[in-house]
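# Topology and contacts: notes
Spelled out, the chains give:
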2 protein chains.
Amino acid sequence: MKYEKYLELENVLPADIERRSFEIISEELGNVSLEKSLEPVIKRVIHTTADFDYLDNLCFSPDVIEKALEAITQGACIVTDTQMIKSGINKKELAKYGGEVVCFMSDEDVAETARITGTTRAVASMDKASKLDKKIIFAVGNAPTALIRLYELIKEEKVKPELVIGVPVGFVNVVQSKELIMKGDTPYIVSRGRKGGSNVAAAICNALLYILRDGENQIN
Amino acid sequence: MKYEKYLELENVLPADIERRSFEIISEELGNVSLEKSLEPVIKRVIHTTADFDYLDNLCFSPDVIEKALEAITQGACIVTDTQMIKSGINKKELAKYGGEVVCFMSDEDVAETARITGTTRAVASMDKASKLDKKIIFAVGNAPTALIRLYELIKEEKVKPELVIGVPVGFVNVVQSKELIMKGDTPYIVSRGRKGGSNVAAAICNALLYILRDGENQIN
(Lines give C-alpha, C1' and ligand atoms only; values in the text may rest on other atoms or scores of the structure.)
Protein backbone atom coordinates (compact mmCIF):
# COMPACT_ATOMS: atom_id res chain seq x y z
CA MET A 1 0.00 0.00 0.00
CA LYS A 2 1.05 3.52 -0.68
CA TYR A 3 -0.27 5.12 2.45
CA GLU A 4 1.78 3.25 4.96
CA LYS A 5 3.18 6.42 6.39
CA TYR A 6 -0.15 6.94 8.07
CA LEU A 7 -0.16 3.57 9.72
CA GLU A 8 1.04 2.09 12.99
CA LEU A 9 1.92 -1.19 11.35
CA GLU A 10 2.89 -1.56 7.73
CA ASN A 11 1.93 -4.42 5.45
CA VAL A 12 0.13 -6.19 8.22
CA LEU A 13 -1.88 -9.34 7.98
CA PRO A 14 -4.99 -9.82 10.11
CA ALA A 15 -3.22 -12.19 12.54
CA ASP A 16 -0.52 -9.54 13.17
CA ILE A 17 -3.13 -6.84 13.68
CA GLU A 18 -4.94 -9.05 16.17
CA ARG A 19 -1.76 -9.86 18.06
CA ARG A 20 -0.72 -6.21 18.22
CA SER A 21 -4.25 -5.17 19.26
CA PHE A 22 -4.18 -7.51 22.24
CA GLU A 23 -0.75 -6.12 23.18
CA ILE A 24 -2.15 -2.59 23.12
CA ILE A 25 -5.15 -3.66 25.22
CA SER A 26 -2.79 -5.25 27.75
CA GLU A 27 -0.63 -2.11 27.82
CA GLU A 28 -3.63 0.13 28.39
CA LEU A 29 -5.00 -2.13 31.09
CA GLY A 30 -1.69 -1.50 32.84
CA ASN A 31 -1.74 -2.82 36.36
CA VAL A 32 -5.34 -3.95 36.34
CA SER A 33 -5.28 -7.53 37.46
CA LEU A 34 -7.68 -9.87 35.72
CA GLU A 35 -8.55 -13.35 36.85
CA LYS A 36 -6.47 -15.59 34.59
CA SER A 37 -9.36 -17.69 33.27
CA LEU A 38 -11.51 -14.64 32.44
CA GLU A 39 -8.77 -12.64 30.72
CA PRO A 40 -9.28 -14.02 27.17
CA VAL A 41 -12.99 -13.23 27.29
CA ILE A 42 -12.64 -9.73 28.74
CA LYS A 43 -9.86 -8.80 26.32
CA ARG A 44 -11.67 -10.16 23.27
CA VAL A 45 -14.79 -8.17 24.10
CA ILE A 46 -12.67 -5.02 24.46
CA HIS A 47 -10.97 -5.94 21.17
CA THR A 48 -14.38 -6.22 19.48
CA THR A 49 -15.78 -2.97 20.85
CA ALA A 50 -12.75 -0.77 21.65
CA ASP A 51 -14.73 -0.08 24.80
CA PHE A 52 -12.93 -0.52 28.11
CA ASP A 53 -16.24 -0.28 29.99
CA TYR A 54 -16.47 -4.03 29.54
CA LEU A 55 -13.67 -4.41 32.03
CA ASP A 56 -16.21 -3.52 34.71
CA ASN A 57 -19.45 -4.57 33.02
CA LEU A 58 -18.71 -8.22 32.46
CA CYS A 59 -19.95 -10.51 35.23
CA PHE A 60 -19.11 -14.20 35.48
CA SER A 61 -20.63 -16.97 37.59
CA PRO A 62 -18.16 -19.17 39.51
CA ASP A 63 -16.00 -21.47 37.34
CA VAL A 64 -17.96 -20.44 34.27
CA ILE A 65 -15.07 -20.72 31.80
CA GLU A 66 -14.25 -24.26 32.87
CA LYS A 67 -17.92 -25.24 32.58
CA ALA A 68 -18.31 -23.53 29.21
CA LEU A 69 -15.25 -25.24 27.73
CA GLU A 70 -16.46 -28.60 28.96
CA ALA A 71 -19.85 -28.04 27.33
CA ILE A 72 -18.25 -27.05 24.02
CA THR A 73 -15.93 -30.04 23.95
CA GLN A 74 -18.95 -32.26 24.65
CA GLY A 75 -20.61 -30.93 21.49
CA ALA A 76 -22.97 -28.32 22.93
CA CYS A 77 -24.79 -26.25 20.33
CA ILE A 78 -25.08 -22.48 20.59
CA VAL A 79 -28.55 -20.96 20.31
CA THR A 80 -28.58 -17.25 19.39
CA ASP A 81 -31.28 -14.60 19.31
CA THR A 82 -29.95 -12.88 16.16
CA GLN A 83 -28.63 -13.98 12.80
CA MET A 84 -25.78 -11.49 13.36
CA ILE A 85 -24.42 -13.51 16.29
CA LYS A 86 -24.64 -16.66 14.20
CA SER A 87 -22.70 -14.91 11.42
CA GLY A 88 -20.05 -13.75 13.84
CA ILE A 89 -19.29 -17.04 15.58
CA ASN A 90 -16.41 -19.13 14.26
CA LYS A 91 -18.54 -22.09 13.23
CA LYS A 92 -15.55 -24.06 11.95
CA GLU A 93 -14.00 -24.10 15.41
CA LEU A 94 -17.29 -25.10 17.02
CA ALA A 95 -17.78 -27.90 14.48
CA LYS A 96 -14.52 -29.50 15.63
CA TYR A 97 -16.40 -30.63 18.72
CA GLY A 98 -19.60 -31.55 16.92
CA GLY A 99 -21.42 -28.34 17.85
CA GLU A 100 -23.35 -26.00 15.62
CA VAL A 101 -24.94 -22.57 15.89
CA VAL A 102 -28.70 -22.32 15.56
CA CYS A 103 -30.94 -19.28 15.40
CA PHE A 104 -34.68 -19.77 15.16
CA MET A 105 -35.58 -16.09 14.82
CA SER A 106 -36.40 -16.26 11.11
CA ASP A 107 -38.26 -19.57 11.27
CA GLU A 108 -41.81 -19.58 9.95
CA ASP A 109 -43.19 -21.59 12.89
CA VAL A 110 -41.58 -19.17 15.36
CA ALA A 111 -43.17 -16.16 13.64
CA GLU A 112 -46.50 -18.02 13.63
CA THR A 113 -46.32 -18.92 17.33
CA ALA A 114 -45.41 -15.33 18.20
CA ARG A 115 -48.37 -14.07 16.19
CA ILE A 116 -50.84 -16.50 17.76
CA THR A 117 -49.67 -16.06 21.35
CA GLY A 118 -49.08 -12.31 21.09
CA THR A 119 -45.48 -12.59 22.20
CA THR A 120 -42.16 -11.79 20.54
CA ARG A 121 -40.29 -14.00 18.09
CA ALA A 122 -37.44 -13.93 20.59
CA VAL A 123 -39.65 -15.57 23.22
CA ALA A 124 -41.04 -18.10 20.75
CA SER A 125 -37.52 -18.95 19.58
CA MET A 126 -36.40 -19.65 23.16
CA ASP A 127 -39.42 -21.94 23.60
CA LYS A 128 -38.46 -23.77 20.43
CA ALA A 129 -34.84 -24.07 21.59
CA SER A 130 -35.91 -25.49 24.95
CA LYS A 131 -37.15 -28.57 23.09
CA LEU A 132 -33.74 -29.36 21.60
CA ASP A 133 -32.42 -32.66 22.85
CA LYS A 134 -28.86 -31.41 23.20
CA LYS A 135 -26.54 -29.57 25.51
CA ILE A 136 -27.19 -25.88 24.87
CA ILE A 137 -25.29 -22.64 25.31
CA PHE A 138 -27.57 -19.63 24.85
CA ALA A 139 -26.11 -16.44 23.40
CA VAL A 140 -28.55 -13.54 23.74
CA GLY A 141 -27.26 -10.27 22.28
CA ASN A 142 -30.39 -8.41 21.41
CA ALA A 143 -33.73 -9.27 23.00
CA PRO A 144 -34.29 -8.83 26.74
CA THR A 145 -37.53 -10.77 26.24
CA ALA A 146 -35.43 -13.79 25.19
CA LEU A 147 -33.42 -13.58 28.39
CA ILE A 148 -36.53 -13.19 30.55
CA ARG A 149 -38.21 -16.15 28.86
CA LEU A 150 -35.05 -18.17 29.40
CA TYR A 151 -35.19 -17.36 33.10
CA GLU A 152 -38.78 -18.60 33.21
CA LEU A 153 -37.99 -21.79 31.29
CA ILE A 154 -35.12 -22.55 33.64
CA LYS A 155 -37.33 -21.95 36.70
CA GLU A 156 -39.97 -24.25 35.22
CA GLU A 157 -37.25 -26.85 34.57
CA LYS A 158 -38.06 -26.90 30.88
CA VAL A 159 -34.47 -26.24 29.93
CA LYS A 160 -31.13 -26.59 31.69
CA PRO A 161 -28.56 -24.55 29.77
CA GLU A 162 -24.86 -25.25 30.10
CA LEU A 163 -24.24 -21.52 29.92
CA VAL A 164 -26.21 -18.34 29.30
CA ILE A 165 -24.36 -15.51 27.60
CA GLY A 166 -26.67 -12.64 28.48
CA VAL A 167 -25.57 -9.50 26.69
CA PRO A 168 -28.62 -7.80 25.18
CA VAL A 169 -28.11 -4.10 24.54
CA GLY A 170 -30.51 -1.26 25.06
CA PHE A 171 -32.67 0.96 27.14
CA VAL A 172 -35.86 -0.92 27.99
CA ASN A 173 -35.98 -4.05 30.20
CA VAL A 174 -32.35 -4.81 29.34
CA VAL A 175 -30.74 -4.03 32.71
CA GLN A 176 -33.47 -5.96 34.54
CA SER A 177 -33.34 -9.02 32.30
CA LYS A 178 -29.63 -9.38 33.03
CA GLU A 179 -30.07 -9.07 36.79
CA LEU A 180 -32.75 -11.75 36.59
CA ILE A 181 -30.48 -14.25 34.85
CA MET A 182 -27.74 -13.60 37.42
CA LYS A 183 -30.09 -14.57 40.27
CA GLY A 184 -30.31 -18.19 39.17
CA ASP A 185 -27.98 -21.17 39.37
CA THR A 186 -27.25 -21.36 35.65
CA PRO A 187 -23.67 -20.56 34.65
CA TYR A 188 -23.63 -17.11 33.06
CA ILE A 189 -21.53 -14.47 31.39
CA VAL A 190 -23.42 -11.17 31.51
CA SER A 191 -22.62 -7.58 30.58
CA ARG A 192 -24.23 -5.74 33.46
CA GLY A 193 -26.09 -2.57 32.50
CA ARG A 194 -27.23 -1.34 29.13
CA LYS A 195 -24.29 -2.32 26.97
CA GLY A 196 -23.84 -5.48 24.94
CA GLY A 197 -24.93 -6.56 21.49
CA SER A 198 -24.60 -9.23 18.86
CA ASN A 199 -20.93 -8.36 18.38
CA VAL A 200 -20.28 -8.83 22.10
CA ALA A 201 -22.16 -12.14 22.18
CA ALA A 202 -20.18 -13.45 19.21
CA ALA A 203 -16.90 -12.23 20.71
CA ILE A 204 -17.57 -14.13 23.94
CA CYS A 205 -18.35 -17.33 22.03
CA ASN A 206 -15.20 -16.94 19.94
CA ALA A 207 -13.06 -16.20 22.99
CA LEU A 208 -14.17 -19.53 24.45
CA LEU A 209 -13.47 -21.34 21.18
CA TYR A 210 -10.02 -19.76 20.88
CA ILE A 211 -9.08 -20.77 24.43
CA LEU A 212 -9.68 -24.35 23.28
CA ARG A 213 -7.91 -23.82 19.95
CA ASP A 214 -4.86 -21.99 21.21
CA GLY A 215 -4.45 -23.55 24.63
CA GLU A 216 -1.25 -22.31 26.15
CA ASN A 217 -0.33 -20.39 22.99
CA GLN A 218 -3.13 -17.88 23.12
CA ILE A 219 -2.21 -14.34 22.21
CA ASN A 220 -3.77 -12.47 25.08
CA MET B 1 -44.72 -13.11 31.76
CA LYS B 2 -44.49 -13.57 35.46
CA TYR B 3 -41.58 -11.29 36.10
CA GLU B 4 -43.10 -8.06 34.96
CA LYS B 5 -42.51 -6.42 38.29
CA TYR B 6 -38.87 -6.22 37.36
CA LEU B 7 -39.54 -4.45 34.09
CA GLU B 8 -39.87 -0.88 32.90
CA LEU B 9 -42.49 -1.84 30.36
CA GLU B 10 -44.84 -4.77 30.71
CA ASN B 11 -45.97 -7.04 27.89
CA VAL B 12 -44.08 -5.05 25.34
CA LEU B 13 -43.65 -5.83 21.71
CA PRO B 14 -40.42 -5.03 19.90
CA ALA B 15 -41.91 -1.95 18.19
CA ASP B 16 -42.92 -0.51 21.58
CA ILE B 17 -39.51 -1.23 23.05
CA GLU B 18 -37.86 0.53 20.12
CA ARG B 19 -40.14 3.55 20.41
CA ARG B 20 -39.57 3.84 24.16
CA SER B 21 -35.81 3.37 23.67
CA PHE B 22 -35.65 6.30 21.29
CA GLU B 23 -37.64 8.39 23.77
CA ILE B 24 -35.14 7.56 26.51
CA ILE B 25 -32.23 8.42 24.23
CA SER B 26 -33.87 11.76 23.42
CA GLU B 27 -34.48 12.43 27.11
CA GLU B 28 -30.88 11.66 28.00
CA LEU B 29 -29.55 13.79 25.17
CA GLY B 30 -31.47 16.61 26.84
CA ASN B 31 -30.58 19.92 25.31
CA VAL B 32 -27.98 18.61 22.90
CA SER B 33 -28.99 19.94 19.52
CA LEU B 34 -28.49 17.56 16.62
CA GLU B 35 -28.65 18.54 12.99
CA LYS B 36 -32.11 17.38 11.91
CA SER B 37 -30.96 15.22 8.99
CA LEU B 38 -28.32 13.43 11.07
CA GLU B 39 -30.52 12.74 14.09
CA PRO B 40 -31.95 9.37 12.94
CA VAL B 41 -28.47 8.01 12.26
CA ILE B 42 -26.89 9.23 15.50
CA LYS B 43 -29.80 8.01 17.61
CA ARG B 44 -29.95 4.60 15.94
CA VAL B 45 -26.24 4.04 16.53
CA ILE B 46 -26.69 4.95 20.19
CA HIS B 47 -29.72 2.63 20.27
CA THR B 48 -27.59 -0.20 18.87
CA THR B 49 -24.64 0.30 21.22
CA ALA B 50 -26.07 2.03 24.31
CA ASP B 51 -22.94 4.13 23.94
CA PHE B 52 -23.37 7.90 23.92
CA ASP B 53 -19.78 8.35 22.73
CA TYR B 54 -21.18 8.12 19.22
CA LEU B 55 -22.75 11.50 19.71
CA ASP B 56 -19.26 12.95 19.34
CA ASN B 57 -17.57 10.22 17.30
CA LEU B 58 -19.78 10.25 14.27
CA CYS B 59 -18.57 12.49 11.44
CA PHE B 60 -20.59 13.30 8.36
CA SER B 61 -19.56 14.84 5.05
CA PRO B 62 -21.75 17.71 3.77
CA ASP B 63 -25.27 16.71 2.65
CA VAL B 64 -24.40 13.06 3.13
CA ILE B 65 -27.88 11.89 4.17
CA GLU B 66 -29.50 13.46 1.12
CA LYS B 67 -26.89 11.85 -1.13
CA ALA B 68 -27.19 8.47 0.59
CA LEU B 69 -30.98 8.40 0.30
CA GLU B 70 -30.76 9.31 -3.36
CA ALA B 71 -28.30 6.47 -3.98
CA ILE B 72 -30.53 3.96 -2.18
CA THR B 73 -33.65 4.99 -4.08
CA GLN B 74 -31.68 4.63 -7.31
CA GLY B 75 -30.97 0.99 -6.43
CA ALA B 76 -27.45 1.23 -5.04
CA CYS B 77 -26.10 -2.00 -3.60
CA ILE B 78 -24.33 -2.13 -0.24
CA VAL B 79 -20.92 -3.83 -0.13
CA THR B 80 -19.84 -4.94 3.35
CA ASP B 81 -16.58 -6.23 4.79
CA THR B 82 -18.25 -8.74 7.15
CA GLN B 83 -21.06 -11.25 6.92
CA MET B 84 -22.30 -9.84 10.24
CA ILE B 85 -23.09 -6.48 8.65
CA LYS B 86 -24.91 -8.27 5.84
CA SER B 87 -26.93 -10.22 8.43
CA GLY B 88 -27.81 -7.04 10.28
CA ILE B 89 -29.04 -4.92 7.38
CA ASN B 90 -32.78 -4.89 6.66
CA LYS B 91 -32.49 -6.45 3.22
CA LYS B 92 -36.24 -6.35 2.62
CA GLU B 93 -36.26 -2.57 2.90
CA LEU B 94 -33.26 -2.27 0.58
CA ALA B 95 -34.86 -4.60 -1.97
CA LYS B 96 -37.80 -2.19 -2.31
CA TYR B 97 -35.47 0.03 -4.34
CA GLY B 98 -33.79 -2.81 -6.22
CA GLY B 99 -30.69 -2.85 -4.04
CA GLU B 100 -29.01 -5.82 -2.41
CA VAL B 101 -26.26 -6.39 0.12
CA VAL B 102 -23.12 -8.16 -1.04
CA CYS B 103 -20.13 -9.37 0.94
CA PHE B 104 -17.25 -10.99 -0.90
CA MET B 105 -15.22 -11.90 2.20
CA SER B 106 -16.00 -15.62 2.05
CA ASP B 107 -15.63 -15.95 -1.73
CA GLU B 108 -13.12 -18.51 -2.94
CA ASP B 109 -11.61 -16.19 -5.58
CA VAL B 110 -11.12 -13.48 -2.96
CA ALA B 111 -9.28 -15.88 -0.63
CA GLU B 112 -7.19 -17.03 -3.60
CA THR B 113 -6.27 -13.49 -4.68
CA ALA B 114 -5.36 -12.59 -1.10
CA ARG B 115 -3.12 -15.66 -0.88
CA ILE B 116 -1.36 -14.99 -4.20
CA THR B 117 -0.83 -11.27 -3.66
CA GLY B 118 -0.01 -11.54 0.05
CA THR B 119 -2.73 -9.15 1.03
CA THR B 120 -5.87 -9.44 3.17
CA ARG B 121 -9.20 -10.83 2.03
CA ALA B 122 -10.64 -7.45 2.97
CA VAL B 123 -8.39 -5.75 0.39
CA ALA B 124 -9.13 -8.38 -2.24
CA SER B 125 -12.86 -8.05 -1.60
CA MET B 126 -12.72 -4.27 -2.12
CA ASP B 127 -10.87 -4.88 -5.41
CA LYS B 128 -13.60 -7.29 -6.47
CA ALA B 129 -16.33 -4.84 -5.48
CA SER B 130 -14.69 -2.04 -7.49
CA LYS B 131 -15.52 -4.02 -10.64
CA LEU B 132 -19.25 -4.03 -9.95
CA ASP B 133 -21.15 -2.14 -12.61
CA LYS B 134 -23.54 -0.54 -10.13
CA LYS B 135 -23.93 2.34 -7.75
CA ILE B 136 -22.22 1.25 -4.54
CA ILE B 137 -22.44 2.14 -0.88
CA PHE B 138 -19.54 0.64 1.07
CA ALA B 139 -20.11 -0.35 4.70
CA VAL B 140 -16.81 -1.17 6.41
CA GLY B 141 -17.21 -2.25 10.04
CA ASN B 142 -14.18 -4.38 10.64
CA ALA B 143 -11.09 -4.14 8.46
CA PRO B 144 -9.05 -0.94 8.32
CA THR B 145 -7.24 -2.49 5.35
CA ALA B 146 -10.55 -2.45 3.46
CA LEU B 147 -10.96 1.26 4.13
CA ILE B 148 -7.37 2.03 3.13
CA ARG B 149 -7.72 0.03 -0.08
CA LEU B 150 -10.94 1.88 -0.81
CA TYR B 151 -9.11 5.18 -0.43
CA GLU B 152 -6.52 4.01 -2.94
CA LEU B 153 -9.13 2.75 -5.40
CA ILE B 154 -10.94 6.08 -5.22
CA LYS B 155 -7.69 7.99 -5.78
CA GLU B 156 -6.90 5.78 -8.76
CA GLU B 157 -10.44 6.41 -10.09
CA LYS B 158 -11.17 2.70 -10.11
CA VAL B 159 -14.30 3.17 -8.07
CA LYS B 160 -16.60 6.07 -7.28
CA PRO B 161 -18.72 5.15 -4.25
CA GLU B 162 -22.00 6.92 -3.54
CA LEU B 163 -21.15 6.71 0.15
CA VAL B 164 -18.51 5.18 2.38
CA ILE B 165 -19.64 4.12 5.85
CA GLY B 166 -16.25 3.84 7.54
CA VAL B 167 -16.67 2.41 11.00
CA PRO B 168 -14.02 -0.27 11.54
CA VAL B 169 -13.29 -0.93 15.20
CA GLY B 170 -9.98 -1.55 16.87
CA PHE B 171 -6.53 -0.61 17.92
CA VAL B 172 -4.23 -0.92 14.90
CA ASN B 173 -4.49 1.29 11.79
CA VAL B 174 -8.16 1.94 12.53
CA VAL B 175 -7.95 5.59 13.56
CA GLN B 176 -5.69 6.37 10.61
CA SER B 177 -7.81 4.58 8.03
CA LYS B 178 -10.80 6.68 9.02
CA GLU B 179 -8.89 9.96 8.83
CA LEU B 180 -7.74 8.94 5.36
CA ILE B 181 -11.27 8.38 4.06
CA MET B 182 -12.34 11.76 5.48
CA LYS B 183 -9.65 13.53 3.44
CA GLY B 184 -11.27 12.69 0.12
CA ASP B 185 -14.29 13.98 -1.77
CA THR B 186 -16.38 10.84 -1.33
CA PRO B 187 -19.48 11.23 0.83
CA TYR B 188 -18.80 9.55 4.17
CA ILE B 189 -20.20 8.62 7.54
CA VAL B 190 -17.29 7.79 9.85
CA SER B 191 -16.95 6.97 13.55
CA ARG B 192 -13.81 8.88 14.40
CA GLY B 193 -11.40 7.07 16.70
CA ARG B 194 -11.23 3.44 17.68
CA LYS B 195 -14.90 2.64 18.08
CA GLY B 196 -17.26 1.17 15.52
CA GLY B 197 -18.06 -2.34 14.41
CA SER B 198 -20.35 -4.47 12.30
CA ASN B 199 -23.30 -3.58 14.53
CA VAL B 200 -22.61 0.14 14.02
CA ALA B 201 -22.26 -0.28 10.24
CA ALA B 202 -25.56 -2.17 10.03
CA ALA B 203 -27.29 0.38 12.27
CA ILE B 204 -26.24 3.24 9.99
CA CYS B 205 -27.51 1.40 6.90
CA ASN B 206 -30.81 0.64 8.64
CA ALA B 207 -31.17 4.23 9.87
CA LEU B 208 -30.95 5.38 6.24
CA LEU B 209 -33.48 2.76 5.12
CA TYR B 210 -35.89 3.69 7.91
CA ILE B 211 -35.73 7.39 7.03
CA LEU B 212 -37.01 6.35 3.61
CA ARG B 213 -39.58 3.93 5.05
CA ASP B 214 -40.99 6.11 7.77
CA GLY B 215 -40.64 9.53 6.21
CA GLU B 216 -42.27 12.06 8.44
CA ASN B 217 -43.52 9.37 10.82
CA GLN B 218 -40.15 8.24 12.07
CA ILE B 219 -39.92 7.49 15.75
CA ASN B 220 -36.81 9.43 16.64
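Read on for a plain summary of the structure. (Residues numbered from 1 in each chain as written. Chains lettered and ligands numbered in written order. Predicted model: local features only at pLDDT ≥ 70, side-chain atom pairs only at ≥ 80, totals over all residues. Heavy atoms only, no water.)

## Quick look at the overall build of chain A
Counting its regular elements, chain A contains 11 helices and 6 strands. Taking 17 Å as the expected radius of gyration for a compact globule of 220 residues, we find that chain A reaches 18 Å, a close match to that expectation. Projected onto the principal axes, the alpha-carbon positions of chain A cover approximately 60 × 40 × 35 Å. Burial status across chain A gives 59% buried among its 220 residues. Sequence-distant contacts in chain A: of pairs separated by 6 or more residues, those separated by 24 or more amount to 63%. (Helix = DSSP H or I, 4+ residues; strand = E, 2+ residues; numbered from the N terminus. Rg over C-alpha atoms; globule rule 2.2 N^0.38 Å. Buried < 20%, exposed > 50% of the residue type's maximum accessible area, 1.4 Å probe, protein only. Contact = heavy atoms within 4.5 Å.)

## Some words on the interface of chain A and chain B
Listed by partner, the interface residues are 51 residues for chain A and 52 residues for chain B. Across the interface of chain A and chain B, roughly 4400 Å² is buried in total on both sides, 66% from carbon and sulfur atoms. Taken together, the links from chain A to chain B amount to 4 salt bridges. Across the pair A:Lys195 and B:Asp51 runs a salt bridge, and its minimum N-O distance is 3.9 Å. In this assembly, chain A and chain B are joined by 4 residue pairs in polar contact (both at pLDDT 80 or more). Contributing elements (two or more residues each) for the side of chain A that touches chain B: α1 (14–29), α2 (39–49), α5 (83–88), α9 (144–155), α10 (174–183) and α11 (198–214) of chain A. If you tally residues by element for the side of chain A that touches chain B, the top one is α1(A), at 7 residues. Grouping the amino acids of the side of chain A that touches chain B by side-chain chemistry returns 24 nonpolar, 16 polar and 11 charged. (Buried area = accessible area lost by both parts, 1.4 Å probe. Salt bridge = Lys/Arg side-chain N within 4 Å of Asp/Glu carboxyl O. Polar contact = N/O pair within 3.5 Å; in protein donor to acceptor, adjacent residues only side chain to side chain. Nonpolar A, V, L, I, M, F, W, Y, C, P; charged D, E, K, R; others polar.)

## Some words on the sheet that holds strand β6 (residues 188–191) of chain B
Strand pairing in a sheet takes place through backbone hydrogen bonds and is either antiparallel or parallel in direction. Residues and elements named next belong to chain B. Strand order across the open sheet formed by 6 strands is β1-β6-β5-β4-β2-β3, with mixed pairing between neighbours. Edge positions in the open sheet fall to β1 (58–60) and β3 (101–103), since each of these has one partner strand only. Recorded for the sheet is a direction-independent mean angle of 15 degrees between the axes of neighbouring strands. Here strand β5 (residues 163–166) pairs with β6 via 3 bridges, running parallel. Residue pairing across strands places Ile165 opposite Ile189, the latter belonging to β6. This element, helix α10 (residues 174–183), spans β1, β5 and β6 of the sheet and lies at about 155 degrees to β6. (Pairing = 2+ DSSP bridges. Axes fitted to C-alpha atoms, helices over the stretch in contact; angles between N-to-C directions.)

## Describing the environment of B:Lys178
Residues and elements named next belong to chain B. Structurally, the position occupied by Lys178 is in helix α10. The buried category is assigned to Lys178, whose relative accessible area is 0%. Separated by 105 residues in sequence, Lys178 and Thr73 place their C-alpha atoms 26 Å apart. Dropping the residues within four chain positions of it, Lys178 is found in contact with Leu147, Gly166, Val167, Pro168, Val190, Ser191, Arg192, Gly193, Arg194 and Lys195.

## Concerning the packing of α1(A) against α2(A)
Residues and elements named next belong to chain A. At a minimum axis separation of 10 Å, α1 and α2 run at an interaxial angle of 110 degrees. In terms of axis orientation, α1 runs roughly perpendicular to α2. Between α1 and α2, the residues in contact are Glu18, Ser21, Phe22, Ile25, Ser26 and Leu29 and Lys43, Arg44, Ile46 and His47, respectively. Its residues placed into classes, the contact of α1 with α2 shows 4 nonpolar, 3 polar and 3 charged. (Parallel < 35°, antiparallel > 145°, perpendicular 65-115°, else oblique.)

## Remarks on the relation of the copies chain A and chain B
For the match of chain A to chain B, the screw axis carries a shift of 0.0 Å, the RMSD comes to 0.0 Å, and the turn is 180 degrees. Both chain copies can therefore be described as sitting about a two-fold axis. Residues of chain A ranked by C-alpha distance from the rotation axis are headed by A:Met84, positioned 2.5 Å from it. Interface overlap between copies is the fraction of interface residues in one copy that are interface residues in the other; for chain A against chain B it reaches 100%, indicating a shared surface. (Least-squares fit on C-alpha atoms with pLDDT ≥ 70 in both.)

## Focus on the side chain of B:Lys195
Looking at the secondary structure, you find B:Lys195 in the loop between β6 and α11 (198–214). Residues within four places of B:Lys195 in sequence aside, it is in contact with A:Thr49, A:Ala50, A:Asp51, B:Asp51, B:Asp53, B:Tyr54, B:Asn57, B:Pro168, B:Val169 and B:Lys178.

## As for the sheet that holds strand β3 (residues 101–103) of chain A
Residues and elements named next belong to chain A. One open sheet accounts for 6 strands, arranged β1-β6-β5-β4-β2-β3; its pairing is mixed. The sheet is open, and its two edges are formed by β1 (58–60) and β3, each paired on a single side. Each neighbouring strand pair of the sheet contributes to a mean axis angle of 15 degrees, computed without reference to strand direction. Where β1 meets strand β6 (residues 188–191), 3 bridges bridge the pair, whose relative direction is antiparallel. Along β6, the bridge assignment pairs Cys59 with Val190.

## A short note on the packing of aromatic side chains
Taken as a whole and judged by the stated rule, the model has 2 aromatic pairs over all chains. Here A:Phe52 and B:Phe171 contribute two aromatic rings whose centre-to-centre distance is 6.1 Å and whose plane-to-plane angle is 85 degrees, an arrangement assigned as edge-to-face. Residue A:Phe52 is found in the loop between α2 and α3 (54–57), and its partner B:Phe171 is found in the loop between β5 and α10; the two belong to separate chains. The ring centre of A:Tyr210 lies 4.1 Å from the NZ or CZ of A:Arg213, which sits over that ring. (Phe/Tyr/Trp six-rings, centres within 6.5 Å; stacked < 30°, edge-to-face > 60°. Lys NZ or Arg CZ within 6 Å of the ring centre and 35° of its normal.)

## Considering empty space enclosed by the protein
Per the stated rule, a full pass over the model turns up 3 cavities of 30 Å³ or more. Of the voids in this model, the largest cavity is the one considered here, and its volume is about 110 Å³. Forming the walls of the largest cavity are 14 residues, and the residues nearest its centre are A:Thr49, A:Asp51, B:Thr49, B:Asp51 and B:Tyr54. Put simply, the parts of the chain that give the lining of the largest cavity at least two residues each are α11 of chain A together with α11 of chain B. Partitioned by chemical class, the residues of the lining of the largest cavity number 4 nonpolar, 6 polar and 4 charged. (1 Å grid on protein atoms, 1.4 Å probe; cavity = no way out; pocket = protein on both sides within 12 Å on 5 of 7 lines; lining within 4 Å. Points joined across faces, edges and corners; volume = space filled by probe spheres on them.)

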